[in-house]
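Spelled out, the chains give:
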Amino acid sequence: MKNIKSLFPYLLLALSLGFVACKEEDPFLDRDVAPVLVDIVGAPFGAPIASEPTVTYSATAEKLTLSARLLELDKTNILDHTKGIDSIPVPNLAIKITLRTGAVLGEVTSDAQGLVKLEKTWADLGVAAPKAGSITKISWSGSHKGIAFTRFSQVQAN
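Report on the accompanying structure. All values derive from a computational prediction rather than experimental measurement. (Residues numbered from 1 in each chain as written. Predicted model: local features only at pLDDT ≥ 70, side-chain atom pairs only at ≥ 80, totals over all residues. Heavy atoms only, no water.)

**With respect to the nonpolar core**
- In terms of nonpolar packing, the biggest core is built from 28 residues, with Leu66, Ile95, Ile97, Leu125 and Trp140 touching the most fellow members.
- The set of elements that each furnish at least two residues to this core consists of strand E1 (37-40), strand E2 (54-57), strand E3 (64-74), strand E5 (94-99), strand E6 (104-109), strand E7 (115-120), strand E8 (135-144) and strand E9 (147-157).
- In terms of residue count, the dominant contributor to this core is E3 (four residues).
- The residues touching Leu125, leaving out its near neighbours within four places in the chain, are Leu64, Leu66, Leu99, Leu105, Lys120, Thr136, Ile138 and Val155. (Core = buried A, V, L, I, M, F, W, Y, C linked by side-chain atoms within 4.5 Å. Buried < 20%, exposed > 50% of the residue type's maximum accessible area, 1.4 Å probe, protein only. Helix = DSSP H or I, 4+ residues; strand = E, 2+ residues; numbered from the N terminus. Contact = heavy atoms within 4.5 Å.)

**Remarks on the sheet that holds E8**
- In spatial order, the strands read E2-E9-E8-E5-E6; together these five strands make up an open sheet with mixed pairing. Every other strand in the sheet has two partners, leaving E2 and E6 as the edge strands with one partner each. Across the sheet, the mean angle separating the axes of adjacent strands is 25° when strand polarity is ignored.
- Sheet topology note: the E5/E6 ladder contains five bridges and is antiparallel. Among the inter-strand pairings, Ile95 is bridged to a residue of E6, identified as Val108. (Pairing = 2+ DSSP bridges. Axes fitted to C-alpha atoms, helices over the stretch in contact; angles between N-to-C directions.)

**Overview of the environment of Leu71**
- The topology assignment puts Leu71 in strand E3.
- Sequence separation between Leu71 and Ser87 is 16 residues; the distance between their C-alpha atoms is 5.8 Å.
- With near-sequence residues (within four places) excluded, Leu71 lies in contact with Pro35, Val36, Leu37, Ser87, Ile88, Pro89 and Val90.

Read these as geometric descriptors, not functional statements.
Shown next as structure tokens:
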């Protein structure tokens, strides 16, 4: 009986480690990895990784060109340090550009280089009289290989 009592803490420790090591699905977030990298053109370096890249335009500009580069990451050579990951442009991909309020700015299709462009005015972005510091939040949405994705960005007047 004494041997069983001395083994009890070790048995309890083994069971608790077994339960802790079990993988548990996140009950709140059902996510898929984005199939496309949406690189916002004109944002500072590091913006593809940043949560919300910001592109600045002059407050007096008549036309603003919203543009992004759509890339698919080919990871077949990820373990070969001489080759690495390759960024392949995604042509003919439909992108819907909207304000975060839900107002649609337009729908565009990427060209052979994976580039999408949309020209708008400050008024189209909901800024009647732009002044330095005015910010408009934008969403870039699409679907590739059956997986929907959305990229957020901002436009700021300087």
